Amino acid sequence: MIRNFKRRSVQFLFSALLLIGISACNKDISLSLDNSRDESMGIVPVDSIQVNASTYQLDDVPTSGTGVILVGKNSNTTTGSVRATSYMRLGIGNITTASIPTAAQYDSITFVLKPNKYFYGDTTKTQTIAVHEVKEQITLKEINSGSDINERPVFVSGAAIYNNQKFAYNPNALGTLSFRPFVKRLDSLAVRLDDNLGSTLFSMIKEGRSTISSNQNFIDYFKGIAIVPGENNTAIIGYKDTVSMQIHYNFVNAQGFKVNGVAKFNLADKAYQFNNIEADRTGTAFSALSIANPELTSSVTDGDVFLEGSTGAVVKITFPTLLALVNDPTVAINKAELVIETESKYHNSFFNSPSSVILMVANGYGNPMSIVNSPFSTTVQQATYIGANDFGANAKYTFNLIEYLNNIKKDSYYKSSLFLSLPTTGLFSNTDRLIVAKDANNKPKIKLNILYTKF
């Protein structure tokens, strides 16, 4: 009798599990029930729960102090073009008057960059960069300070410089360089600069001018560098922030041999190096996307939604009727997975899909207030890229949302939404892009699978 009781108990537990898969337009939750089970236990299917997807433009994405210099331009027919210009302050490093022999003669000046192996776009074509002198002070910006500090995006912790900021620079370049970006093999790039600047700085060093006596004095005189991409560039290239502006000179030593030397200006403060990122969506379904018009639903963009690093584009996801299921006292949710699909055609040698993505929780005003953690932990949850298989399934990212479903009952989650984004390091320092796959009805392939027990 006890054995029979245990068997019936196990049968009851198995029959109490329901698998909810999204089917309606690939964006809705729909329930399937194993009809071979005994449905007399009060287990009933629920109608579909709607899921909405939009492309959303974030404001105030900090791109300063990341250790990454981005310069270049790329484009695609779906989302348009992205252009990256990098700004930075320079300091005197260990340059002193005594570091250069009295008899030294000026030779040349170069600006040296070292690629960090990152690229996004077509690197088979020649790229051009130009070095310009910045003409106004590069300064940090504080947003929502004081009483508004709680309205800061979760990824902003203090004063920074943001992706949409610019500082005036001399339109006449100090120097330009065209090169083939063999970024996996290229050790460094040296841009020859204007000798008028080089000889002037060399004289200041030799004469012990106050301009070269401290970083602040030098910044007051020479406000910084802007590295600008050519209009016909096809790739955004990443560089290390270990740049240097080098004064090359030579002298004859005591033995009568000609000796070459170099004095190096480097970054005075890495917090003042940032990347200005400009997106041009002209001619695409996203041409209206802007800070002033930050949200475009998939219905007005031919079903396309996307996220993009550094530009601040994210995918906004909402579940308008999910709260009713969560608040149902007769339902216990056991498992919740959010699955985002992308097509193989968006993943190639020029434009890789992100290796991982995260979810941010945004309030009703579109301000990201928190990041979804791994369930019941303090570790940010990252969904990794799982490639397509040989049976026709798309590549995908999968999140565990069980704790999020528990949280949406809270008042603080009222009118909240999820923002699908690159991890914050990528959001600030690369231009990786994810375009969500579409079904035959031009609906984004975003699925929420729920396993629950009905009492």
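All values derive from a computational prediction rather than experimental measurement. (Residues numbered from 1 in each chain as written. Predicted model: local features only at pLDDT ≥ 70, side-chain atom pairs only at ≥ 80, totals over all residues. Heavy atoms only, no water.)

## Some words on the sheet that holds strand 14 (residues 244-252)
To keep it simple, the criterion reads: Whether two strands pair depends on DSSP finding at least two bridges between them. Strands are runs of DSSP state E lasting at least two residues, helices are runs of H or I lasting at least four, and both sets are numbered from the N terminus onward.
Sheet architecture is open: five strands sit in the order 6-15-14-7-11, paired in antiparallel fashion. Here the strands that pair on one side only, and so sit at the sheet edges, are strand 6 (90-91) and strand 11 (189-192).

## Some thoughts on the environment of glycine 121
The cut-off we apply is this: Pairs of residues are marked as contacts when any of their non-hydrogen atoms sit within 4.5 Å.
Along the chain, the position of glycine 121 falls in strand 8 (residues 115-121). With 49 residues separating them along the chain, glycine 121 and glycine 72 place their C-alpha atoms 9.2 Å apart. Dropping the residues within four chain positions of it, glycine 121 is found in contact with Asn74, Thr234, Ala235, Phe350 and Phe351.

## Considerations on a positive patch on the surface
The cut-off we apply is this: Patch building starts from residues that exceed 30% relative accessible area and form no salt bridge, then joins like charges within 9 Å and nonpolar side chains (Val, Leu, Ile, Met, Phe, Trp, Tyr) within 5 Å. All accessible-area figures derive from a Shrake-Rupley calculation using a 1.4 Å probe, and residue coverage is judged against the displayed protein chains alone. Salt bridge criterion: a side-chain nitrogen from Lys or Arg within 4 Å of a carboxyl oxygen from Asp or Glu. All tallies of charge rest on Lys and Arg as positive and Asp and Glu as negative; His and the ends of each chain are not included. Charge positions come from single atoms, namely NZ of Lys, CZ of Arg, CG of Asp or CD of Glu. Each residue gets one of three labels from its accessible area relative to the maximum for its type: buried under 20%, exposed over 50%, partly exposed in between, using a 1.4 Å probe on protein chains only.
On the surface, Lys114, Lys117, Lys184, Lys240 and Lys264 cluster together into a positively charged patch. On the secondary structure map, lysine 240 appears in strand 13 (residues 235-240). Take lysine 240: its relative accessible area is 41%, and that puts it in the partly exposed class.

## A word on the pattern of salt bridges
Evaluated as defined, the whole model comprises 19 salt bridges. For arginine 83, the salt bridge goes to glutamate 278, with nearest N and O atoms at 3.7 Å. Placement of arginine 83 in strand 5 (residues 80-88) and of glutamate 278 in strand 16 (residues 274-280) is noted, with a sequence separation of 195 residues between them. Here glutamate 278 falls in the partly exposed class, since its relative accessible area comes to 28%. Across the pair glutamate 295 and lysine 316 runs a salt bridge, and its minimum N-O distance is 3.2 Å.

## A closer look at unusual backbone geometry
Of note in the backbone geometry, aspartate 60 takes a positive phi value of approximately 55 degrees without being a glycine. Using a relative accessible area of 15% as the deciding quantity, one classes aspartate 60 as buried. Even without being a glycine, serine 310 presents a positive backbone phi close to 70 degrees. Turning to its location among the elements, serine 310 is positioned in the loop between strand 18 (306-308) and strand 19 (313-318).

## Points about the nonpolar core
This is how the line gets drawn: Buried Ala, Val, Leu, Ile, Met, Phe, Trp, Tyr and Cys residues that are joined via side-chain atoms within 4.5 Å together make up what is termed a nonpolar core.
Membership of the largest hydrophobic core comes to 42 residues, with the highest contact counts inside it found for Phe111, Leu201, Phe218, Ile225, Ile227, Met245 and Phe265. If you tally residues by element for this core, the top one is helix 2 (residues 195-207), at five residues. When sequence neighbours within four positions are dropped, the list of residues in contact with isoleucine 225 reads Ser86, Tyr87, Met88, Leu90, Phe111, Val131, His132, Val134 and Leu174. Of all hydrophobic cores here, the second largest spans 35 residues; its members include Val305, Leu322, Val326 and Leu401.

In short, shape yes, function no, at least from these values alone.
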